[in-house]
Amino acid sequence: ETQRTIENFQVDYETKTSDVLEFILEAKSQMEGEPEGLVESRKFLDKVNEFRSGPLAEKRVVKESLEGILSNLQTTLSCHQRASYTPSDDQTLENVETQWS
């Protein structure tokens, strides 16, 4: 049971981290380029506002849950006297935060 809980936390953390990092890459590519002219600028601002209230808000909740998932995983490992979990370099909370900024 404990091993399953640990595996579930780890899979949950890795899956959500990958999802957030993929979202960041896609979002950055969609927001590239500068609009030309007033009409294009207005369309771009509408797109940004829609993005902020929809997909970005949803992913922010997922991103913010990562710390809790990782904390639960580390606590469970510690309570059962197991080695702590070290995410790959690209899946650390620091990297996610850096990419998010």
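Residues numbered from 1 in each chain as written. Predicted model: local features only at pLDDT ≥ 70, side-chain atom pairs only at ≥ 80, totals over all residues. Heavy atoms only, no water.

### Re the overall build of the protein chain
Then comes step 1: For the protein chain, the count of helices and strands is four helices and zero strands.
Then comes step 2: Listing each helix as α and each strand as β along the protein chain from the N terminus yields α-α-α-α.
Then comes step 3: For 101 residues, the compact-globule estimate of 2.2 N^0.38 gives 13 Å, and the C-alpha radius of gyration of the protein chain, at 18 Å, exceeds that figure by more than 25%.
Then comes step 4: When its C-alpha atoms are laid out on the principal axes, the protein chain stretches across 60 × 20 × 15 Å.
Then comes step 5: Across the protein chain, the fraction of contacts at a sequence separation of at least 24, relative to all contacts at a separation of at least 6, is 76%. (Helix = DSSP H or I, 4+ residues; strand = E, 2+ residues; numbered from the N terminus. Rg over C-alpha atoms; globule rule 2.2 N^0.38 Å. Contact = heavy atoms within 4.5 Å.)

### Quick look at the environment of S29
Then comes step 1: Turning to its location among the elements, S29 is positioned in helix α1 (residues 2–30).
Then comes step 2: What makes S29 partly exposed here is its relative accessible area of 45%.
Then comes step 3: In this structure the C-alpha to C-alpha distance between S29 and R52, which are 23 residues apart in sequence, comes to 15 Å.
Then comes step 4: One polar contact links the side chain of S29 to the main-chain carbonyl oxygen of E26, over a distance of 2.8 Å. (Buried < 20%, exposed > 50% of the residue type's maximum accessible area, 1.4 Å probe, protein only. Polar contact = N/O pair within 3.5 Å; in protein donor to acceptor, adjacent residues only side chain to side chain.)

### Describing the packing of α1 against helix α3 (residues 55–79)
Then comes step 1: The interhelical angle for the contact between α1 and α3, taken along N-to-C directions, is 150°, at an axis separation of 9 Å. Classified by the interaxial angle, the pair formed by α1 and α3 is roughly antiparallel. Viewed along their axes, α1 and α3 form a crossing whose handedness is left-handed.
Then comes step 2: Counted by class, the contact of α1 with α3 contains 13 nonpolar, five polar and five charged residues. (Axes fitted to C-alpha atoms, helices over the stretch in contact; angles between N-to-C directions. Parallel < 35°, antiparallel > 145°, perpendicular 65-115°, else oblique. Left-handed = near helix turned anticlockwise from the far one by under 90°. Nonpolar A, V, L, I, M, F, W, Y, C, P; charged D, E, K, R; others polar.)

### Looking at the packing of aromatic side chains
Then comes step 1: Per the counting criterion, the structure on display carries two aromatic pairs.
Then comes step 2: Lying across the ring of W100, K63 places its NZ or CZ 5.2 Å from the centre. (Phe/Tyr/Trp six-rings, centres within 6.5 Å; stacked < 30°, edge-to-face > 60°. Lys NZ or Arg CZ within 6 Å of the ring centre and 35° of its normal.)

### Some thoughts on the packing of helix α2 (residues 37–53) against α3
Then comes step 1: Remark: α2 packs on α3, axes separated minimally by 3 Å, with the N-to-C direction vectors making an angle of 35°. Between α2 and α3, the contacting residues are E50, F51, R52 and S53 on the first element and P55, L56 and A57 on the second.
Then comes step 2: Of the residues that constitute the contact of α2 with α3, the class distribution is four nonpolar, one polar and two charged.

### Observations concerning the nonpolar core
Then comes step 1: One finds Y13, F23, L73, Y85 and W100 to be the most contacted residues of the largest nonpolar core, which totals 17 residues.
Then comes step 2: Put simply, the parts of the chain that give this core at least two residues each are α1, α3 and α4 (93–100).
Then comes step 3: Of the residues forming this core, the biggest block, seven residues, is contributed by α1. (Core = buried A, V, L, I, M, F, W, Y, C linked by side-chain atoms within 4.5 Å.)

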